[in-house]
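# Residue-level structural notes
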Amino acid sequence: MAKKISIAIDGPAGAGKSTIARRLAKELGYHYVDTGAIYRTVAYFFDLWGVAPKDIDGITRYIDELTVGIEYDEEGVQHMIMNGMDVTDDIRTQEIGQKASLVSAHAIVREALLDMQRDVAKNYDVIMDGRDIGTVVLPKATVKIFLTAAPEVRAKRRTEELKAKGQKADYNKVLKEIQQRDYQDTHREVAPLKMSRDSIKVDTSELDIDGVVAAIREIIAKKVGP
Ligand code: DC
């Protein structure tokens, strides 16, 4: 079997990772793996069980009751399956994002999810986005991108995105949550968000989606060929 191509895209909340990665995956014919959705599924599970995301005893006690599955529909859209239930839409709230940021800080949670992420990359050409893809999950990724933008720009985009989905969103509140999430994701002990030395930084503050996709496609083409 030919060695698979893997593109790692890491970066803070709201930098545009999933939009960009999804577009690139479609254009290149790769599998898109949204690893944030995996952590959101874990957060959603413990939320349903009434276990607080910082409650390591509760998490340790009940983690074996959880099975997480990733499935792709015929359009290539990733679905998250929690104990046999499709929770793809349920996990996309600010509250679950915030809880995912806390629950993902526990080593026991990260270890439980590592193999499933690596397995997809073993079997398919992938574009995988998250916080620790280039540093921990796929340290030998073909291309590593660190996608970032100013917190204010990310908050504005996230507010518009939530409103478009019919959810309530206040810019100042979203900005505060983004800043808090940045702090948590970069300061945790296990697999914190950080730019690895061999990754290429792309700042999306001043670029639109087409511009970012074109810039990253060029980076990939240089490494992999057109
Ligand atoms: O990308 P997202 O906003 O859906 O991710 C939700 C949280 O999950 C994020 O704040 C931190 C955590 N996460 C992680 O720790 N490692 C990843 N590879 C992806 C997400």
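On a predicted model such as this, the values are computed, not experimentally measured, just so you know. (Residues numbered from 1 in each chain as written. Predicted model: local features only at pLDDT ≥ 70, side-chain atom pairs only at ≥ 80, totals over all residues. Heavy atoms only, no water.)

The subject of this paragraph is the overall build of the protein chain. From N to C terminus, the protein chain includes nine helices and eight strands. Relative to the 2.2 N^0.38 estimate, which gives 17 Å for 226 residues, the radius of gyration of the protein chain is 17 Å and therefore close to what a compact globule would have. Along the first, second and third principal axes, the C-alpha set of the protein chain runs to 50 × 45 × 35 Å. Within the protein chain, the fraction of its 226 residues that count as buried is 48%. Residue pairs at least 24 apart in sequence account for 74% of intrachain contacts in the protein chain once pairs closer than 6 positions are excluded. For the protein chain, the exposed area adds up to about 11800 Å²; of that, 51% sits on carbon and sulfur atoms. The distance from the centre of the 34 positive side-chain charges to the centre of the 36 negative ones in the protein chain is 5 Å. (Helix = DSSP H or I, 4+ residues; strand = E, 2+ residues; numbered from the N terminus. Rg over C-alpha atoms; globule rule 2.2 N^0.38 Å. Buried < 20%, exposed > 50% of the residue type's maximum accessible area, 1.4 Å probe, protein only. Contact = heavy atoms within 4.5 Å. Areas by Shrake-Rupley, 256 points an atom, 1.4 Å probe, with all protein chains shown as cover. Lys, Arg positive; Asp, Glu negative; His and termini not counted. Charge placed at Lys NZ, Arg CZ, Asp CG, Glu CD.)

In this section: the side chain of His106. Checked against the element boundaries, His106 lands in the loop between helix 4 (94–103) and helix 5 (107–123). Once residues lying within four places of it in the same chain are set aside, the contact partners of His106 are Pro53, Lys54, Ile56 and Ile59.

Looking now at the site of the ligand. Surrounding the ligand, one finds 16 residues, the nearest of these being Arg40, Arg110, Arg181, Asp185 and Arg188. Taking Arg110, its side chain carries an N or O atom lying 2.8 Å from an oxygen atom of the ligand. One nitrogen or oxygen atom from the side chain of Arg131 is found 3.0 Å from an oxygen atom belonging to the ligand. Relative to its unbound accessible surface of 450 Å², the ligand loses 96% to contact with the protein. Counting only elements with at least two residues in the shell around the ligand, the list comes to helix 2 (35–48), helix 4 and helix 8 (171–187). When residues of the shell around the ligand are assigned to their parent elements, the largest contribution, four residues, is made by helix 2. (Near = heavy atom within 4 Å. Polar contact = N/O pair within 3.5 Å; in protein donor to acceptor, adjacent residues only side chain to side chain.)

Moving on, we get to the sheet that holds strand 5 (residues 85–86). As a general point, the strands of a sheet are linked pairwise by backbone hydrogen bonds and lie either parallel or antiparallel. In space, the three strands of this open sheet follow the order 3-4-5, with antiparallel pairing throughout. The open sheet has two edge strands, strand 3 (68–72) and strand 5, and neither has a second partner. Pairing of strand 3 with strand 4 (residues 78–82) involves five bridges; the strand directions are antiparallel. What sits directly across from Glu71, in strand 4, is His79. Its contacts with the sheet put helix 2 on strand 3 and strand 4, and the angle it makes with strand 4 is roughly 30°. (Pairing = 2+ DSSP bridges. Axes fitted to C-alpha atoms, helices over the stretch in contact; angles between N-to-C directions.)

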